[in-house]
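Understanding the architecture of this molecule
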Amino acid sequence: MSESSAETVADIVASAASASAAGAAGSWRRATGLAGAALGVLAAGAAAGVAVERMTVGREVRRKARLALDAAGPYGTLRGTPGTAYADDGTELYYEVDEAEPDQGPDVSPRRRRLFGRKAPAPVTVVFCHGYCLSQDSWHFQRAALRGVVRSVYWDQRSHGRSGRGVAQTRDRVPVTIDQLGRDLKAVLDAAVPDGPVVLVGHSMGGMTVMALAAQYPELIRDRVVATAFVGSSSGRLGEVNFGLPVAGVNAVRRILPGVLRALGRQAELVEKGRRATADLFAGIIKRYSFAGREVDPAVERFAERMIESTPIDVVAEFYPAFTDHDKTEALARFRDLPVLVLAGVRDLVTPSEHSEAIAGLLPDAELVLVPDAGHLVMLEHPEVVTDRLADLLTRAGAVPAGATVSGYGTTSSTGSAPGR
């Protein structure tokens, strides 16, 4: 991205802030239309600003293509047994459970027997935590592969997906914190997995949520957690991420962004109209910050776009400041004696792979996997790699028998076939 492009985006953001302060409705509408699109990058966890390739297909053709992909895509359609947990502030947290199929005989994995003893243990449950402005459906490929193999719980973070808006945020104007998300995860565990061993899997903000759980409930990690996976996550220093922007653009955005987000959050309805009106630009931003490869299935791209579009701008605004404050480096010590997978895309612009390397550096026995040609949504872009490494982690933890078959479900290449589609 050129420096002039970065400065242009910064000017857009600045004009939105100025319009808000001046109360000029016309200027506000123009500014939020562009700023809403620029800030749509936050929905993938990034900062505003990206150069988008020139579109050569007519707007109406692209609109019809999006509708066709929405109708045809199978992604996000997997459903389990629904449940509701309640956070400490009363927020409803929606989750679904996929049960494991009954054992097909007397054979039990020797590793599982060594880990849990001779008596039949409570089933291991894998709990998946999604990232910022996504939903539980972001684990679509892994869910399809693991169905019936191991008991799994998928939940929506507060104000995301099918969960309720954060009560503390809407009623009491309390800022969102990563610590709050850790307590939310504890509420989900109490409701969906009250006993038995647990494997925790978190992508991006979901990984931070797992760290916050460990910081506040170390005894739970010690007594019940048997393995953990951090996918495209970070233990802190997110304020230093440059999102692929040159220095001038990063500094401008960092200086202006917090105030603009607060302003946009107060004008949510106008901003949402701006996001819809600039859907083509928004799609380009999502692709840039979600995926690294050029041959991602357009239906997968559209699936990611739909998840991100569904996150209201005021939720984007509520959550963003929490990342600057996030620092859970010390909490990583709680996982030192467990099997741990740390996985990231080499070309992740949102939580750069260096952050995953830093996590692995503090957990010397962790498996570190860096996926070439992968961006932030690595579990959608390269599902076969993520599923394979998760399956190995589950086997090492005794969560599945060594002989169990976990399908490498799916490919997101537009030139290949996708099983199950």
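The structure we're discussing is the one just above.
Residues numbered from 1 in each chain as written. Predicted model: local features only at pLDDT ≥ 70, side-chain atom pairs only at ≥ 80, totals over all residues. Heavy atoms only, no water.

A few words on the side chain of Q157. Looking at the element boundaries, Q157 is found in the loop between β4 (151-155) and α6 (167-172). Owing to a relative accessible area of 0%, Q157 belongs among the buried residues under this scheme. If near-sequence neighbours (up to four positions away) are discounted, Q157 is found in contact with H130, S163, L181, M205, G206 and T209. (Helix = DSSP H or I, 4+ residues; strand = E, 2+ residues; numbered from the N terminus. Buried < 20%, exposed > 50% of the residue type's maximum accessible area, 1.4 Å probe, protein only. Contact = heavy atoms within 4.5 Å.)

This structure, assessed with the given rule, holds seven aromatic pairs. Here F128 and Y154 contribute two aromatic rings whose centre-to-centre distance is 4.8 Å and whose plane-to-plane angle is 10°, an arrangement assigned as stacked. A residue pair is termed long-range when its members are at least 10 positions apart, and F128 in strand β3 (residues 125-129) and Y154 in strand β4 qualify at 26 residues. Cluster of aromatic residues (ring-pair linked, three or more members): Y75, F141 and F303. When the ring centre of Y217 is taken as reference, the NZ or CZ atom of K186 above it lies at 5.2 Å. In this structure, R288 is placed above the aromatic ring of Y289, and the distance from its NZ or CZ to the ring centre is 5.8 Å. (Phe/Tyr/Trp six-rings, centres within 6.5 Å; stacked < 30°, edge-to-face > 60°. Lys NZ or Arg CZ within 6 Å of the ring centre and 35° of its normal.)

Their axes nearest at 7 Å, the elements helix α7 (residues 178-192) and helix α8 (residues 205-216) cross at an angle of 80°. The pairing of α7 with α8 is recorded here as roughly perpendicular in orientation. Each of I178, D179, L181, G182, R183, L185, K186 and L189 in α7 lies in contact with α8, whose residues at this interface are M205, M208, T209, V210, A212, L213 and Q216. For the contact of α7 with α8, the per-class residue count stands at nine nonpolar, three polar and three charged. (Axes fitted to C-alpha atoms, helices over the stretch in contact; angles between N-to-C directions. Parallel < 35°, antiparallel > 145°, perpendicular 65-115°, else oblique. Nonpolar A, V, L, I, M, F, W, Y, C, P; charged D, E, K, R; others polar.)

Take the pairing of strand β7 (residues 340-345) next. Most of β7 is tucked away: six of the six residues are buried. The alternating pattern of β7 places V340, V342 and A344 and L341, L343 and G345 on opposite faces, both of which are buried. Sheet analysis places strand β6 (residues 225-231) next to β7, joined by four bridges and oriented parallel. The residue bridging A229 from the neighbouring strand is L341, located in β7. Alignment of β7 against strand β8 (residues 367-371), held across five bridges, turns out to be parallel. Note on β8: the bridge partner recorded for L341 is E367. Since β7 and β8 lie parallel, the crossover through helix α15 (residues 353-362) that links them has a hand, and here it is right-handed. (Pairing = 2+ DSSP bridges. Right-handed = clockwise from strand over helix to strand, strands pointing away.)

What follows deals with the sheet that holds β4. Ordered by their spatial adjacency, eight strands build an open sheet running β1-β2-β4-β3-β5-β6-β7-β8, and the pairing between neighbours is mixed. Because the sheet does not close on itself, it has two edges, and the strands there are β1 (81-86) and β8. Geometrically, the sheet is characterised by an average inter-axis angle of 20° between neighbouring strands, direction not taken into account. Each of β1, β2 (92-98), β3, β4 and β5 (198-203) touches α7; the most contacted strand, β4, lies at about 140° to it.

Right, let's talk about the pairing of β4 for a bit. Where burial is concerned, most of β4 is hidden: five out of the five residues are buried. Side chains of β4 alternate between two faces, with R151, V153 and W155 and S152 and Y154 buried alike. Where β2 meets β4, four bridges bridge the pair, whose relative direction is antiparallel. Paired with E96 across the strands is Y154, a residue of β4. As defined by bridge partners, β3 adjoins β4 across five bridges and the pair is classed as parallel. Among the inter-strand pairings, F128 is bridged to a residue of β4, identified as Y154. In the classification by handedness, the crossover that spans β3, the intervening helix α5 (residues 140-146) and the parallel β4 is right-handed.

It is worth spelling out the environment of T170 at this point. Its place among the elements puts T170 in helix α6. For T170, a relative accessible area of 36% gives the class partly exposed. Put simply, T170 and E318 are 148 residues apart on the chain and 9.9 Å apart in space, counted from C-alpha to C-alpha.

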